[in-house]
Structures are given as C-alpha cells and as structure tokens.
Amino acid sequence: MPPQESKGQGAITVEHLPPELTRRLYRDMRTARDLDTEAIALQRQGVFPAYVSVRGQEAAQVGSATALDPARDFVFPTYREMASALAYGVEMVGYMATHRALWHGGLYDVMDSRFGAINAVVGGPVPHAVGWALGERLRGDDGVAMAYFGDGASSEGDVHEAMNFAGVLAAPVIFFCQNNQWALSVPNERQVAGGSVAARAEGYGMPGVLVDGNDAGAVHTATAEAVERARNGGGPTVIEALTYRIEPHSTSDDPGRYRDEADTEHWRRRDPVVLLRAAMLEAGHADEEHFAAVDAEAARRAEQVRDGVADAPEPDGSELFTHVFRETTEELTRQHRTWQEEVEL
Amino acid sequence: MPPQESKGQGAITVEHLPPELTRRLYRDMRTARDLDTEAIALQRQGVFPAYVSVRGQEAAQVGSATALDPARDFVFPTYREMASALAYGVEMVGYMATHRALWHGGLYDVMDSRFGAINAVVGGPVPHAVGWALGERLRGDDGVAMAYFGDGASSEGDVHEAMNFAGVLAAPVIFFCQNNQWALSVPNERQVAGGSVAARAEGYGMPGVLVDGNDAGAVHTATAEAVERARNGGGPTVIEALTYRIEPHSTSDDPGRYRDEADTEHWRRRDPVVLLRAAMLEAGHADEEHFAAVDAEAARRAEQVRDGVADAPEPDGSELFTHVFRETTEELTRQHRTWQEEVEL
Amino acid sequence: MTELIERADTTVESAVVELSMQQAINRALRVLLTEDPDVLVFGEDVGALGGVFRVTDGLQKEFGDQRVFDTPLAESAIMGMAVGLAMNGWRPVPELQFDGFAYPAVDQIVNQVARMNYRTRGAAPMPITLRLPSFGGIQAPEHHGESLEALFAHTPGLKVVAPSDPAEAYSLLLQSVRSDDPVVYMEPKARYWDRRPVRLSEPTDPIGTSRIVRPGRHATLVAWGAMVHRCVQVAELAAEDGVELEVLDLRWLKPIDAAGLAASVARTKRAVVVHEAPLTAGLGAEVAALITENCFRELAAPVQRVTGFDVPYPAGPLEPQYLPTIDRVLLAVQRTLEY
Amino acid sequence: MTELIERADTTVESAVVELSMQQAINRALRVLLTEDPDVLVFGEDVGALGGVFRVTDGLQKEFGDQRVFDTPLAESAIMGMAVGLAMNGWRPVPELQFDGFAYPAVDQIVNQVARMNYRTRGAAPMPITLRLPSFGGIQAPEHHGESLEALFAHTPGLKVVAPSDPAEAYSLLLQSVRSDDPVVYMEPKARYWDRRPVRLSEPTDPIGTSRIVRPGRHATLVAWGAMVHRCVQVAELAAEDGVELEVLDLRWLKPIDAAGLAASVARTKRAVVVHEAPLTAGLGAEVAALITENCFRELAAPVQRVTGFDVPYPAGPLEPQYLPTIDRVLLAVQRTLEY
Ligand SMILES: Cc1ncc(C[n+]2csc(CCOP(=O)(O)OP(=O)(O)O)c2C)c(N)n1
Ligand SMILES: Cc1ncc(C[n+]2csc(CCOP(=O)(O)OP(=O)(O)O)c2C)c(N)n1
Ligand SMILES: [Mg+2]
Ligand SMILES: [Mg+2]
C-alpha cells in the first residue's frame, strides 16, 4: 500500500518529535527552498546554463541527511541532492558552483565535508557507498554510508549489484531512494516493475522501508533507525521515500509533453515545507514569530549563496591539467605547455 | 524454506505424470549423462582443451527444456546447458564442437534450432531473452523465451535490468536459474544476498518459484506452468531450480581448494537420473527391460556424438574473416589477403 | 519545427527543405519506420518526450507505442534487448541518451552486438543501429560530451559513422539502418540545431567512403562530426591568406576510407587531423598511421594531430579551451606548411 | 610452486630465484600486503581458490579474509566498490578474472575510477591497481583473450602497464600499487607459467619508461606483454641472417615513452610495432604516430604494424592464425628493410 494512499492526502504530525529537531528540519528545508528558487532565477538570468530543482523533495532530503553524523558518516549523492548537502553542512557556494558549470563535481571539499562529488551517472555512485561502508567495517569504525538515488536509477544494474554486495558483505550502508515518481519523462509504472523499490530489499535479505517522503519527521525517524542498525553491525537498509518531482526534470525539460500538470497540483498542495510548518504550529513546537525569524534568515542565507556563486571566479584553464593525476606525466606536461602557448594567450 | 530441507533428502515421485513424459525425461537425462562422461574422457585425452560438466544438473535442464516448444520458443543458454540443448533437439555434434574449441558459439545453426549461441559472458544473454520475448509480443505471436543462468550470474547487473524490463514490458520470458550452489569457488551464502534468487521475483511483481532441481518431473511441471502463463499473456516468471554442481567448475578447476568433497556426497546420492529411474519403476511407468534398451541407446548416441565431434574438421582460417560482417569491408578483404599470403601458406 | 516536419512529404525525397540536423534525423527515422515495419525505435525518453534533443519528436504519436517506445533507465538492457529483438527478426534502432552513458552498455555492445553474427557464423545478423548523441560543444553536464569513436572503431564487427550536416545525417541514417550490420551512428550534438537548406536524398556513396567538403591543394584537414564545420571555418580563414586547405569529412570511422585519405594527401602532401577526443590512442592516430603508410614518399611533413587534451572532458567555461580551436588548427597548418 | 613462494624471504629483495610470472606477481602482492596495511586484494575467486591462475594463491591464508577476499560475481560493483574503499583510505588491488569481463566494468573504470581525482580536484585520489589477466595465446574460451589496452590508454586519468617477464611483473606491480594514481596492470596470460631465474628488485625506472630488451641497429621492434618474447624470437632468427633488430619493451602503455621510442628509431631508422589487439585504432597506431611525429626526417620507411586482424578473437585452432606470427613479423621487417 503506497503511502500516498494511506497518509499522502492528509496532514502530518510532529508531536512525537523533539521540538529542536523539527526546528532544524524546518530551517534547512526552508533555506533549501529559497536557494532552489534563487537557482531557478539564476538559470533564467543565464548565470546557470541549467538547474535541477529539488522543490517538493526537501523533506526527503533534509529528513534523511539530518539523521546522519557529518563527523563520521559519508554521503554519496546524485545531481539532485542540494537540500541534503545543505542540511549535512556542505559549503553551499561550492556546491552550487556545479550548476554554474564551474566544475563538474562541485567546488566544495569532498573529503572535508564527507559528502561525495556530485555525480551525474545515474546509479553509478551507489556501489561507491558500499565500498566506503565495507572499508568502515574492515577498519572497525562505525561510520555509515548513505547512497542517494532515484526511482529511475533503481533500474540500473549497478544498484542491484551494490545491494547484493551490501547484503553479502553486511556493509553499513543505507540505500535511500527518493521515489519522485518520474525519471525524466518516464513514470514509475513504466520504470519500476512491481511498483516499489523498498519491496526489493527483501530479496536481498535486508529491511526495506517505505516512507512518506513529504513528511520530514517520518523520513528522519526511518533514516535514524536504519543508521542506528547499520552503526551497530545490523547491515544495510533500503529506504524508499515517496515524494514527487514538482518541477520539470531540469530547466531544459518540457514536462507538458509527457504529463498532465494538473496531476502535480495534488503534490503542490502536499508541499513538505508547508506541511511541516503546520504540524509544528499544531504541536506547539514553534510560533509565528519563530517562523518569521527563520524565514528571514533562510532568505538571507539563500541570497548570500546566490551572490557567492554568481560572483565566483571561473576556474583557470590550467586546472584542466593539474588534477588528472596525482603524479603527472611528461606527455601531460607537454600538452599543458601547448595549451599555454596556443589557447591561454 | 529451501527444498533440500523439505524434499531434498528423500525420493521423488512421478506418479502424477504421464508415463510418456517420464520416459522422455529419462531418455534425455540418461543420454546427457553419457555424453557428459564421454566429454570428460575426451578432455582427459586432450581432444577437448577443457569441458564444463552438467553432471547432477540433468533434471533441471531436461525438465525445463522439455516444457518448451522448439517450434516456437527460443532458448538463451550459458556455457553449461548441454542437457538442455540435447533435450531441446539441438544438433549435438555442432553443440559439442565448442568444447573442442572449434568455434566459440558452437557449430549448430542457432536460428534453425531456436537455441542461442553458447555464451560465456555470465549474465550477458539474459537481456537477449527479454528482447526476443518482447519481439514476440509485439508481433502478436505466442513464443516464449527461456533464459538460463546460474546462481553466480544472478549477481550481475544485467540479470536485474532484464528482470525489471521483463516486468515493465510484460514480456513472455522465463528466468531459469540453476542454483547449483557454487559459482566457481564461491558458495551461495557469499553470492546471493538473502539466499534465494526466486525470492527476488516478488520485487519485480512477477511469480517466483523455487523447485527441487533434482526432481525432473517437478522442474518440468513448474516450467510448463510458467510457459503456459507466458504464452497466454501472463508475463514473466523466475524459476530457481535448486541442484548441485557435482563436478569441478570445469576440467581446469581444483575444488579441493575451496570445498569439502565430502559435502558433494550427499548430492551424489541424490543423483537425478537414479532418482527418476527409481520413481518410474515405483510408479510402474517403465520396467527394467525398458531401461536396458534406453540405456543402451543413450550410450550409443553419446558415442556417436563423441566420434562426430572428435572427427569434425577444424574450421578454415578464412572463417576468421567471412563472418565478421554481412557486408564485408575493403579493409577486411585486404586483411584476409594478408592472411592468405602470410599465414595460410 | 514540428510543423515543418509534419508538413513535409516524406515520399518526395529530392525536395530541398531547410532543416536542422535534428529534424533531418527525425525525417530519416520517419522514412525508415514507414518503409520497414520491422524497424523499432526505443530508448530512454524517446516516446512522449521525443528524446532530450527532440530527435524522435512526434514519432510515437505517428507510429504508435509498439514501434516507438520508452524503456526503463538501463543502458545495458537497452542494447541487450536490441540483440534479442534482432534475433526475432526486428530491426532495432535504439538510442542511448548521451555518449557518456554508453559506457554501462559497452559489454553488450562489444561482447554481444558486435560478435553475434560472427559467433553464429552468419545465422544471427545484428541489423542494429545505435543512435548516440555524441561529442561536446554544448557546455553540458559531466558525461554529456564524450567521443567514443576510437573504442567503437577498434571493435571488430561494428561499423561507425558520424554525420557532419543535416543532409549527411539524413542519408547516412537511412544507410545505417538498412544495413544488416550493426552501426554506431554518432550524432554531433553541437550541430543539432544548425539549419541549412538541404536536398534530402537517398544514399548513393557506399558505406566507408569519405567526402571532400572543400577542395584545396596546400594541405588536407581531416575531421568528422562537428569538427568538419570547424575545419571549414579554418579553411575560409586560411584562404584569406592564400592557403588553400582541402577539408575531408571522414564520416565513416569504421571502415575508414584509406583510399580517399591517400588520394587527397597524395595531392596536398600535408595533413592535419582534428578531433574532439583526447589525443592518446584517439582515432587521429589511426588516420595518421593510414596516411603515413599510404603516402610515406609523398608526405612533406608528419601528419599533425589537433585534438582534445588527455584530460577528462571539462565543464562550461573550460570546454572551449579543451576542444580544438580555430587557432590551434591554424597553428598546426602553419607547422605542417613550414616543416 | 606454492612451497617455493612460502619459503622465499620477501624481505631479501635482491635474491635471484627461479619464478614464473604468476609466482612473481604473487610475491609482489605479498610484499605489498605486508608493507602497507591499507592494501586490499579482492575479486572473483581470489580467496580460497587463489584465482583461476593461482596468482593470489595462499594470500588469504597468510593475510586473512579481511585483506584478501572473494566478491560476488559482478565486475561493475567490484570496481565501484574499489572507488568507495579508496575514498575511505584503502589501497584496493581488485582483480577482474579475465580481460573480456572488464567490459561490464567499463563505466565504473572510465566514468568513476579514472575521473574521481579530477572531479574532486585532487581531494579523492584513486590509488587503485586493477589486475587484469590479459591477451591471448592460451586457446581459452570466448572473451578470455582480449586486449583492452587501446581503450584504457585512451582514457584520461588512467595509467596502463603490461609486464613481459617475471622480474618486470614483480617490480612493475610494486610500482603500480604504490602509485597514488589508478593503474590498469595487464598480465599476459600466455607468459604466466614461463619460469626464469630472476632478481626480484625494487622498481628503479620511473613510471612511463620503456626498456630495450635486445639492442640492434637495423630496425626497432616495439611490443608489450607476450609479444615482447615473440619479438625476441624474431630478433634471434633475424640475427642468423645478419639482421640486427632492436627489441623495445614499451611496458607502460600510458604514459607512453615517446622519448625512448624516438631515441631507438632515430638510430635504427625503421620500426615495426607488434600487438595482439586488432589493427584498426589499436595502440600500434599511436606508437606509429608518435614515432613518425618525432622521427619524420630519420625514418627510412613507414612504421609497420603487425597486429591481430580486425576480427573477434577466435577459438582454439584459429588463434595462432589470428595472433602475429614470427613469419608475419619477419615479413614486416623485410618490408621495412626493403622499402
Ligand atoms: C547512466 C545514465 N543514464 C542516463 C542518464 C540521463 N538522465 C539523467 S537524469 C535521468 C532520469 C533519472 O531519474 P531518477 O533516477 O528517478 O532521478 P530524478 O531525476 O527523478 O531525481 C536520466 C535518464 C544519466 N544521467 N545517467
Ligand atoms: C561476466 C563474467 N564474469 C566472469 C566470468 C568467469 N566465470 C565463468 S563461470 C563463472 C562462475 C559462474 O557461476 P554460475 O553463474 O553459478 O554458473 P555455474 O558455473 O555454476 O553453472 C565465472 C566467475 C564470466 N564467464 N563472465
Ligand atoms: Mg525520479
Ligand atoms: Mg552456479
């Protein structure tokens, strides 16, 4: 029974959660939302050649990322994890630089932030998470790896191979599928045989959890449970957060060609930021004054990041050559010289 | 509950099956067994550079292949489907030629026999079966594709991608996994997370069937049901036939390095040919006289194939060049000439 | 642009129409789907969306979702499925969405598609045309600007082609899909939107022939895909200085037109090969080797190679610094003339 | 042979012992596992079995199943896992069982392993050495005799090496694994069992240098892997006729020793490059192009290429007809001498 039927229609509740946690969730989701809006604007202004929006997926991303410990865990993202990055503490000017096409993997320090490089190969980074997690187990450390991927990515062979490896090796890894119901123009029913990625977990002998991806608290709780299990030697978990891709696939996309935008209305009304705010008010976890302050701060931070990325210097062409190897080669040095003589001038 | 626990220890019964069917199963299994024995001998004599035995898997292979219709179905084998090929009616001298290294894919006509070329890429042919099956559905025909693969192959990304495609496209294909509990030196428990390939089927929204792979009748029945369903538009099925690789992985292998050969004893005693024979006698489907005649005929046929493959002419080097393209190229013609001038002489 | 495609009569092949390459390919696909009921077009997002470059725009509507359909997101299975469809008598025209996402399908392409006819001694031909949006120049995300021609050209059993303008794209696609051999058809993304008045015509030149785009006598520029246009720009500039460069569009990257290359360089005595892929072990090495083997006595200078650098394809502002520039090609011309 | 390995003292590096290449590699792995606790050896059947070629024989027993372990049967995940392990501070030495089964891992190798250091601007180096039993000559089943060096050499971010004898195999593996860059280490299967008395020594030549195996002055034979031995045989035969051939073992296929090639051919004026891979777009084209670019004025004849044909690797009796034969190399030598 997919959660959009069971709880998808209604409100969410956060009464059982610590108020501090819900405030943090709200702050990060709100900031991500504002930054997303700024990014779309930057794309329209021609500062970004393209952008992939996370609008509507803030609960799935922030809810999960806040269940991790940035001091010992490690995240393996796709290209659509801006809100996760933000919540995990990644330096966001460096993160957004990828959308200005300044550097493919982003300009934040991957090892410092323990948040892997932005990765455009659908499914490709998922086995990395398993390797990282295995490395943790081999050393006797207790970090947990988080692999983010989409419903479309679940079709790739790499995701299967990774889940099977994780099961066999009992690796502390969380396979976090944001099922936003679309892989570019292809809807779930023509993508995911059987209809559920979480349901696949059983076939690998690991727990599979289906969670309302627009309920930040529910996502956080489900992820925290999986993290706890993995940290204590309980092995991998598949989490499927059911949500919706409100915006086009990217700013280059034209969803009018393949979906009825009226259908997105339902999901627009289930806006995770709005839902969380209402639930917090309801639970007495925050009042209007709190939200006014947080909203203002979120807007300010989003503007700061926006200005930072818009003003960031373009990388120097020498960087083409300096990062290929740790120990460069004579041939590459020769090519670098050619570049200096024939291109740089 | 794996079947080796439930029925693995005991005898099998064929009372519910048509006597004719059991006689056919026995004849083909017995012939395959004899041919397997001849092949191992040919390898020892140096006629075959190497050989992969099917000993112990005859029930899984013959039981499944006999549930297909060689006039309209199509089989996609691996490198270990000799008994399936035999039961399906493939020209066996051409089939065995691959083990003499005369031609990689075998020398039988793949399209005439509706039995794909021998394929050494573990997992690789499984998506082919889905494509063939989809082609059948698109044309409105009712053929069924059969993809054979091993427990080790189930780890490959291609097998997952194929199952997902089959589910989404409702392709009439059977994923037939011979779980012989070893993938070269790696046992099931370090290969198949969760322990069962059939259990994966549910995650793709298709039926998964676990069957005693040493019970020819049970395999036949399970396969016939899946074929029937696929033929009538019911889509794909995963069948996992639990059996055992009695022999080394290939004649080059040294299983003493990785398994206790005492463990194989249990499975040697569950010899599918012996089990079937006993069950047929028990059910009154055949008598000793029948078996004497069939056994003699099987031995004769195996010898014939053995002599045929041992005496087969080596391919001419020109074949290197003539099958690369349907429409050859000037460059290849030039290379063919070089070969004639510099190598053939 | 959809309108134009809808209006144009696909049976009047010789009409001159103004089309972009993306429209020309669309047009060729319509001809193929119409003339041969066994042709199937499939891939990621090729159906309702019409592909990310709109190359398959309108095809699903016109030919139905049994002939033109979306697959799940798995490149290896897309090519593996093509193998099975071919064995069942179909003529598959799969698309892989971007060059960089052909890598997950390399096993199926190299070990299966390229070898099935050989493995079966001709019993199971593979009339598969893989459409692959290729090469760079559009400042796209990572993995969206790769040049895989060296890998494919090195693979026995594959033929490889890269058109350089709309008319070429049209006739080469007809030829590729009608061929009973597997063809990798590499579409230069950077040229998709370049509109030209073109005469859409049936293929006449045999597979494996190159073409002279612009004749000249001082040196031969060899290129394919988007670099052909760049070489023409170079030739125009050089002409202002009285240097007459011949531009040879290799177009078939396997089989390579060794005779055509030799004929041109035998006249010009000098050659520069230009490609987007990295230098080392790029197809430029093969072109240089072929020219040198066939024109050793005529060559006045070693064949110059102007290529991408031996670095992973870079992002945005660095892309124009990675790709062969007009200046770099001109400098190579100068080097060969002054050798 | 296990005994010999067990007995030999890995700390006495300069001892001369008789070893096959397969034993020399095993020895190097033991040194590496001993000296660096971050080294991990894994792949299909490398544990209890010791690999299908027994290259990892005894390692699991000696170093435990946390350092040396079997994986499930999935090449892409093996390489993908190596990426994650490297990001967690390990130094992975994965094995892919056969060359032909590297194809399913090409996406991880090209799009991930080769680019992660670049993508992260040096933050996440990939000190991964992929051990890949390579090339033909053992009449194996299909896909068990492939030559992927052109693909790897064309991939920015990878280094590629192919040893030709036990001593080379030993020191080149030490060098590869200790390097912080990803290296594809291609083991010539046909030479695994060739035993020689060898001095096992620490690497001294820098990465990217070739070596002269046999000096000569009439022409240079360039080869790597098993073809080096074949070229030495050719040189011995030619010497009987008074033709002195220099045999250059390229060994590093990326970076290629352009200076070493040029130095040799500047002296001999003639070159023949020999490899097992198909001709078209093979690494021989790159070698020929480099030699021609650097020795254009000295070259007395075009560089000859003696290679596998442009056909899929064949079975048993056809294999020796596919691979470069002594006769074919001799004929090429004759062609270049008589040019
Ligand atoms: C291996 C690969 N194939 C194709 C693509 C092109 N592509 C980019 S995103 C996308 C859809 C991904 O869908 P999903 O995994 O559901 O993620 P979402 O975009 O919905 O977040 C496709 C096909 C790619 N990036 N990588
Ligand atoms: C893609 C690929 N990887 C590795 C191999 C080498 N190999 C051949 S058979 C085998 C084990 C296969 O096990 P399984 O699928 O269980 O089949 P079985 O041999 O038991 O019939 C391996 C690793 C291969 N042939 N193909
Ligand atoms: Mg999605
Ligand atoms: Mg098995």
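Residues numbered from 1 in each chain as written. Chains lettered and ligands numbered in written order. Predicted model: local features only at pLDDT ≥ 70, side-chain atom pairs only at ≥ 80, totals over all residues. Heavy atoms only, no water.

Once that is clear, we can look at the overall build of chain A. On a plain count of helices and strands, chain A comes out with 14 helices and seven strands. Against the 2.2 N^0.38 benchmark of 20 Å for 345 residues, chain A shows a C-alpha radius of gyration of 20 Å, consistent with a compact globule. In terms of principal-axis extent, the alpha carbons of chain A reach across some 65 × 45 × 40 Å. A total of 345 residues make up chain A; the buried ones form 64% of that total. The long-range share in chain A, meaning contacts at least 24 apart out of those at least 6 apart in sequence, stands at 74%. With an accessible surface of roughly 11800 Å², chain A has 48% of that area assigned to carbon and sulfur atoms. (Helix = DSSP H or I, 4+ residues; strand = E, 2+ residues; numbered from the N terminus. Rg over C-alpha atoms; globule rule 2.2 N^0.38 Å. Buried < 20%, exposed > 50% of the residue type's maximum accessible area, 1.4 Å probe, protein only. Contact = heavy atoms within 4.5 Å. Areas by Shrake-Rupley, 256 points an atom, 1.4 Å probe, with all protein chains shown as cover.)

Contact with chain A, which involves 20 residues of that partner, is made by 20 residues of chain B. With both sides pooled, the region where chain A packs onto chain B buries about 1600 Å², and carbon together with sulfur makes up 52% of that total. Our count for the contact surface shared by chain A and chain B stands at 14 residue pairs in polar contact (both at pLDDT 80 or more). Looking at the side of chain A that touches chain B residue by residue, the class counts come to five nonpolar, eleven polar and four charged. (Buried area = accessible area lost by both parts, 1.4 Å probe. Polar contact = N/O pair within 3.5 Å; in protein donor to acceptor, adjacent residues only side chain to side chain. Nonpolar A, V, L, I, M, F, W, Y, C, P; charged D, E, K, R; others polar.)

Attention now moves to the coordination of the magnesium ion (ligand 3). All names here are of chain A. Coordination of the magnesium ion (ligand 3) by the protein is provided by Asp 151 (OD), Asn 180 (OD1) and Trp 182 (O), with metal-donor distances spanning 2.1 Å. Sequence spacing of the donor residues for the magnesium ion (ligand 3), all on one chain, is D-x28-N-x1-W. Of the two residues, Asn 180 and Trp 182, both sit in the buried class. (Donors = N, O, S within 2.8 Å, 3.2 Å for Na, K, Ca; no water.)

What follows concerns the site of ligand 1. Taken together, 20 residues are adjacent to ligand 1, and Tyr79(A), Arg80(A), Ala120(A), Gly152(A) and Glu75(C) come closest. Near ligand 1, the surrounding residues are drawn from chains A and C. Between ligand 1 and Asp151(A) there is a distance of 2.9 Å, counted from an oxygen atom to a side-chain nitrogen or oxygen. Out of a free accessible area of 590 Å², ligand 1 has 95% covered by protein chains. Along the lines of polarity and charge, the residues of the shell around ligand 1 split into ten nonpolar, five polar and five charged. (Near = heavy atom within 4 Å.)

It is worth spelling out the coordination of the magnesium ion (ligand 4) at this point. Residues and elements named next belong to chain B. Those donors, Asp 151 (OD), Asn 180 (OD1) and Trp 182 (O), are the protein atoms that reach the magnesium ion (ligand 4), and they lie 2.1 Å from it. Spacing between the donor residues of the magnesium ion (ligand 4) along their common chain follows D-x28-N-x1-W. Of this pair, Asp 151 sits in the loop between strand 2 (145–150) and helix 8 (157–169) while Trp 182 is found in strand 4 (residues 182–183), placing the two residues 31 residues apart along the sequence. Looking at Trp 182, the relative accessible area reads 12%, which means it is buried.

Turning to the relation of the copies chain D and chain C, a few remarks are in order. Take chain D, turn it by 180°, move it 0.0 Å along the axis, and it overlays chain C with an RMSD of 0.0 Å. The relationship between the two copies is best expressed as a two-fold rotation axis. Across chain D, the smallest distance between a C-alpha and the rotation axis is recorded for Ala285(D), namely 2.6 Å. Of all interface residues in chain D, 100% are interface residues in chain C too; the two copies therefore contact each other through one and the same surface. (Least-squares fit on C-alpha atoms with pLDDT ≥ 70 in both.)

All names here are of chain C. Taken domain by domain, chain C consists of domain 1 (2–199) and domain 2 (211–338). Put simply, the middle of domain 1 and the middle of domain 2, counted by C-alpha atoms, are 26 Å apart. At the interface, 33 residues of domain 1 touch 24 residues of domain 2. Together, the buried faces of domain 1 and domain 2 total about 2100 Å²; carbon and sulfur atoms form 55% of this surface. Considering only the side of domain 1, the residues that lose the most area to domain 2 are Gln 139, Glu 149 and Ser 164, jointly responsible for 22% of the buried surface there. The shortest N-O distance in the salt bridge between Glu 168 and Arg 251 comes to 3.1 Å. Across the domain 1-domain 2 interface, the total number found is 16 residue pairs in polar contact (both at pLDDT 80 or more). Elements that contribute at least two residues to the side of domain 1 that touches domain 2 include exactly helix 7 (149–154), strand 6 (159–161), helix 8 (166–178) and strand 7 (183–188). (Domains from an automatic or database assignment. Salt bridge = Lys/Arg side-chain N within 4 Å of Asp/Glu carboxyl O.)

Residues and elements named next belong to chain D. What the five strands build is an open sheet, ordered 9-11-10-13-14; its pairing is mixed. Looking at which strands have only one partner, the edges of the open sheet turn out to be strand 9 (211–214) and strand 14 (304–308). Direction aside, neighbouring strands of the sheet carry axes that sit 25° apart on average. Across five bridges, the pairing between strand 10 (residues 219–223) and strand 11 (residues 245–249) is parallel. Its bridge partner being in strand 11, Leu 221 is matched across the sheet by Val 247. Helix 11 (residues 283–294) rests against strand 10, strand 13 (271–278) and strand 14 of the sheet, and its axis sits at about 160° to strand 13. (Pairing = 2+ DSSP bridges. Axes fitted to C-alpha atoms, helices over the stretch in contact; angles between N-to-C directions.)

This paragraph deals with the UniProt feature "domain: Transketolase-like pyrimidine-binding" (unreviewed entry) in chain C. UniProt feature "domain: Transketolase-like pyrimidine-binding" (unreviewed entry): in the numbering of this structure it lies at residues 19–194 of chain C. For residues 19–194 of chain C, helix accounts for 36% and strand for 17%, while the C-alpha atoms at its two ends are 8 Å apart. (UniProt positions renumbered as here; feature names shortened; annotations may be inferred.)

A side chain with one charge may pair with a side chain of the opposite charge, provided their charged atoms come close. Enumeration according to the criterion identifies 100 salt bridges over all chains in this entry. Across the pair Glu342(A) and Arg335(C) runs a salt bridge, and its minimum N-O distance is 3.0 Å. Linking Glu342(A) in helix 14 (residues 330–344) with Arg335(C) in helix 13 (residues 326–338), this pair reaches from one chain into another. Taking the relative accessible area as the measure of exposure, Glu342(A) reaches 15% and is therefore buried. Its salt-bridge partner being Glu95(D), residue Arg131(D) comes within 2.9 Å of it at the nearest N-O pair. Here Arg131(D) is found in strand 5 (residues 129–134), whereas its partner Glu95(D) is found in strand 4 (residues 91–95), with 36 residues between them in sequence. Judged on exposure class, the residue Arg131(D) and its partner Glu95(D) are both buried.

It is worth spelling out the UniProt feature "domain: Dehydrogenase E1 component" (unreviewed entry) in chain A at this point. In the numbering used here, UniProt assigns the feature "domain: Dehydrogenase E1 component" (unreviewed entry) to residues 27–315 of chain A. End C-alpha to end C-alpha, residues 27–315 of chain A measures 32 Å, and it is 45% helix and 11% strand.

Let us now look at the sheet that holds strand 2 of chain B. All names here are of chain B. Read from one edge of the open sheet, five strands run 1-2-3-7-6, paired in parallel fashion. Only two strands of the sheet have a single partner each, and these edge strands are strand 1 (74–76) and strand 6 (208–212). When strand polarity is set aside, the average angle formed by the axes of neighbouring strands in this sheet is 20°. Note: strand 3 (residues 173–179) against strand 7 (residues 237–242), six bridges, orientation parallel. By the bridge assignment for strand 7, Cys 177 is matched with Glu 240. Contacting strand 1, strand 2 and strand 3, helix 7 (residues 126–139) runs over the sheet at an angle of about 170° to strand 2. Running over the sheet, helix 8 touches strand 2, strand 3 and strand 7 and is turned about 150° from strand 3.

Looking now at the relation of the copies chain A and chain B. Superposing chain A onto chain B takes a rotation of 180° combined with a translation of 0.0 Å along the rotation axis, leaving an RMSD of 0.0 Å. Mapped onto chain B, 100% of the interface residues of chain A are again interface residues, and the two copies thus contact each other with one and the same surface.

Residue and element names in this part refer to chain B. With respect to the helices and strands, the residue Asn 179 is situated in strand 3. Note on Asn 179: relative accessible area 1%, which makes it buried. Polar side-chain contacts of Asn 179 include one of 2.8 Å to the backbone nitrogen of Gln 181. Excluding anything up to four places from it in sequence, Asn 179 contacts Asp 151, Asn 188, Glu 240, Ala 241, Leu 242, Thr 243 and Tyr 244.

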